[in-house]
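Given next are the chains, with one letter for each unit.
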Amino acid sequence: MDLRAKLALLADAAKYDASCASSGTEKRDSRQGGLGSTEGMGICHAYAPDGRCISLLKVLLTNACVFDCAYCINRATSNVARARFTVAELVKLTLAFYRRNYIEGLFLSSGIIRSPDYTMEQLIRVARTLREEHGFLGYIHLKTIPEAAPELLAEAGRWADRLSINVELPQVASLKRLAPEKDLPAIGGAMQQLSSRIAEAKEARRTARRAAPPRFAPAGQSTQMIVGADDSDDRRILGKGAELYEKYGLRRVYYSGYSPIPEASSLLPPAPPPLLREHRLYQADWLLRFYGFGTEEILAGGEGGMLDLEIDPKLAWALKHRADFPVDLNSAPRELLLRVPGLGARNVERIVAARQEGRVRLADLARLRVPLRKVAPFLLAPDHRAAPGLLDSPRLRAMLTTPGGFGAQAKPRQLSLFS
């Protein structure tokens, strides 16, 4: 199989892994020597068929795998064409794409070949060759294999900007049933090892006086959970995400809606979950990380352990806690402003800063591109008082969501690149 055919096959096989954002690492610039950069300046982005903007060469070393995870298209018993890159081929591709300004870095994962240790060694060789032999300073994200030896995970962090280990499913029972070779406690143990090393490297950089200490995954670690492949509700998924953030200091938890695969196991659902479910989980995850919400507070906006699919989770929470509103734009603490539907974290910081100079009016929010009709029922300002009874009205939800109604927004639809 020639290199072009391998690339087509193994790049397509990598599309199911969502945990590959190139953010949060240290700044490196090749203008002082070397090749590549971790910055986005001058990078021409490619687009996936579904419209997502990507700037990493996202590929598998191989789609052959000795594991037989029921939800994976590359599982051992799957009847798909197989291919495998050599280390030299992957290095050549990465450099060629970078020199053509197609990518800003590499996201590299793999099926398990021979053994976890052997596979991890091959992934590390790609990253080490790029760094040592070619002076590559661009972004590298390696998917690590929790069953691999600790010394291999330690070396992976030396060459990669970010490491990730996919949890896949939040329940031990589900993982045993659908991915019998994987072990959730073992995944947690590997995450803890990475977390400790990342923390040690940060502390060493902070206290270093002369020579720079060895680097270790400066962009941290991330993971992915599949949504809708088992019976886990949003409470269990979001709760697992919160646990991972707290225990291991993860930079991101990615949520990937289950996509039915050819010749799927009877253990899997026949249809995918609603696309909006994945979107709502990302919004809820944002509230956990940046808005001071707890898991149960977020879930209180929905019913039966599931998020409300019709409205975003912050608005859902606010509608069920109307007694906390309206809040005064000029005196409410930052923590309370963060809970106002339509106010983002960055704009809240701007509002708090502006209050030091004078009174902030609702009209001032227009310059920040705040959706005024959405925030208006929940705020008091010198130039604004909501209509009497509006906040308590049983019609408020409909007024905020119905097309043509108060604060209405167009129903979301997937855009096409070619329409």
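Scroll up to find the structure this text is about.
Residues numbered from 1 in each chain as written. Predicted model: local features only at pLDDT ≥ 70, side-chain atom pairs only at ≥ 80, totals over all residues. Heavy atoms only, no water.

Trainee: I tried to follow the overall build of the protein on my own but got confused; where do I start?
Mentor: Of regular secondary structure, the protein possesses 15 helices and 10 strands. Taken over 419 residues, the protein has a buried fraction of 50%. Within the protein, contacts between residues separated by at least 24 positions form 68% of all contacts whose residues are at least 6 apart in sequence. About 20400 Å² of surface is accessible on the protein, with carbon and sulfur atoms providing 53% of the total. (Helix = DSSP H or I, 4+ residues; strand = E, 2+ residues; numbered from the N terminus. Buried < 20%, exposed > 50% of the residue type's maximum accessible area, 1.4 Å probe, protein only. Contact = heavy atoms within 4.5 Å. Areas by Shrake-Rupley, 256 points an atom, 1.4 Å probe, with all protein chains shown as cover.)

Trainee: Just to check I follow, could you spell out the pairing of strand 8 (residues 252–257) for this structure?
Mentor: Looking along a regular strand, one sees side chains alternate from face to face of the sheet. In terms of residue burial, strand 8 counts as a mostly covered element, since five of its six residues are buried. Alignment of strand 7 (residues 221–227) against strand 8, held across six bridges, turns out to be parallel. If you follow methionine 225 over to strand 8, its bridge partner there is tyrosine 255. Handedness of the crossover is the feature at issue here: the chain leaves strand 7, passes through helix 7 (residues 234–248), returns alongside strand 8, and the resulting connection is right-handed. (Pairing = 2+ DSSP bridges. Right-handed = clockwise from strand over helix to strand, strands pointing away.)

Trainee: Looking at this structure, I do not really get the packing of aromatic side chains. What am I missing?
Mentor: Note on aromatic pairs: each is described by the distance of the centres and the angle between the planes. Per the stated rule, a full pass over the model turns up seven aromatic pairs. Judged by centre distance (5.4 Å) and plane angle (85°), the rings of tyrosine 255 and tyrosine 282 are edge-to-face. Here tyrosine 282 lies in helix 8 (residues 275–290) and tyrosine 255 lies in strand 8, a separation of 27 residues in the sequence. Taken as a pair, tyrosine 255 and tyrosine 282 share a single burial class, namely buried. Arranged with centres 5.4 Å apart and planes meeting at 90°, the rings of phenylalanine 293 and tryptophan 317 form a pair that is edge-to-face. On the criterion of sequence distance, the pair formed by phenylalanine 293 in the loop between helix 8 and helix 9 (295–299) and tryptophan 317 in helix 10 (residues 313–319) is long-range, its members being 24 residues apart. Its relative accessible area of 4% is what places phenylalanine 293 among the buried residues. Through pairs of rings, three or more aromatic residues link up here, namely Phe293, Trp317, Phe325 and Phe378. The lysine or arginine in question, arginine 114, covers the ring of tyrosine 118, its NZ or CZ lying 4.1 Å from the ring centre. (Phe/Tyr/Trp six-rings, centres within 6.5 Å; stacked < 30°, edge-to-face > 60°. Lys NZ or Arg CZ within 6 Å of the ring centre and 35° of its normal.)

Trainee: What is the right way to look at the sheet that holds strand 5 (residues 139–143) in this model?
Mentor: Sheets are built from strands paired through backbone hydrogen bonds, the pairs being either parallel or antiparallel. Pairing is parallel across the open sheet formed by six strands, whose spatial order is 3-4-5-6-7-8. Of all strands in the sheet, those with a lone pairing partner are strand 3 (56–60) and strand 8, marking the two edges. For this sheet the average axis-to-axis angle between neighbouring strands, irrespective of direction, equals 20°. In this structure, strand 3 lies alongside strand 4 (residues 105–109), joined through five bridges in parallel fashion. In the strand pairing of strand 4, leucine 56 is matched with glycine 105. Contacting strand 3 and strand 4, helix 2 (residues 87–99) crosses the sheet at an angle of about 160° to strand 3. Against the sheet, helix 3 (residues 116–134) contacts strand 4 and strand 5, and its axis sits at roughly 175° relative to strand 5. (Axes fitted to C-alpha atoms, helices over the stretch in contact; angles between N-to-C directions.)

Trainee: What exactly am I supposed to notice about the side chain of serine 174 here?
Mentor: You can see serine 174 is positioned in helix 5 (residues 172–178). For serine 174, a relative accessible area of 3% translates into the label buried. A distance of 2.6 Å separates polar atoms of two side chains, one belonging to serine 174 and the other to aspartate 230. (Polar contact = N/O pair within 3.5 Å; in protein donor to acceptor, adjacent residues only side chain to side chain.)

Trainee: So what exactly am I meant to see when it comes to helix 2 here?
Mentor: Three- or four-residue spacings in an α-helix give side chains the same orientation, since the helix completes a turn every 3.6 residues. Taking 1.5 Å of rise per residue, 13 residues should cover 18 Å, and helix 2 covers 18 Å from first to last C-alpha, within 8% of that figure. For helix 2, the full list of buried residues reads Val87, Leu90, Val91, Leu93, Thr94, Leu95, Phe97 and Tyr98. Buried residues along helix 2 sit against helix 1 (3–13), strand 3, strand 4 and helix 3. Of the residues trailing helix 2, asparagine 101 is marked for its positive phi of about 65°. (Expected span 1.5 Å × (residues − 1).)

Trainee: I would appreciate a short explanation of the pattern of salt bridges in the present structure.
Mentor: Where side chains of opposite charge bring their charged atoms close, a pairing between them can arise. A complete count under the given rule lists 19 salt bridges for this structure. The residue aspartate 161 makes a salt bridge to arginine 215 at a minimum N-O spacing of 3.1 Å. You can see aspartate 161 sitting in the loop between helix 4 (150–159) and strand 6 (162–164) and its partner arginine 215 sitting in the loop between helix 6 (184–207) and strand 7, a full 54 residues away along the chain. The class of aspartate 161 is buried, set by a relative accessible area of 0%. Residues arginine 361 and aspartate 383 are paired through a salt bridge, measuring 4.0 Å at the closest nitrogen-oxygen approach. Here aspartate 383 lies in the loop between strand 10 (379–380) and helix 15 (396–401) and arginine 361 lies in the loop between helix 12 (345–354) and helix 13 (362–366), a separation of 22 residues in the sequence. Classification of arginine 361 by relative accessible area gives partly exposed; the value is 39%. Classification of aspartate 383 by relative accessible area gives partly exposed; the value is 31%. (Salt bridge = Lys/Arg side-chain N within 4 Å of Asp/Glu carboxyl O.)

Trainee: Explain unusual backbone geometry here, please?
Mentor: Most peptide bonds adopt trans geometry, and most residues besides glycine take a negative phi value. The step from phenylalanine 325 to proline 326 runs through a cis peptide bond, and the omega angle for that step is 0°. Within the fold, proline 326 resides in the loop between helix 10 and strand 9 (327–328). Located in the positive-phi region is arginine 114, a residue other than glycine, with phi close to 65°. You will see that arginine 369, though not glycine, has its phi angle at about 60°, which is positive. Tracing the backbone through its elements, the reader meets arginine 369 in the loop between helix 13 and helix 14 (372–375).

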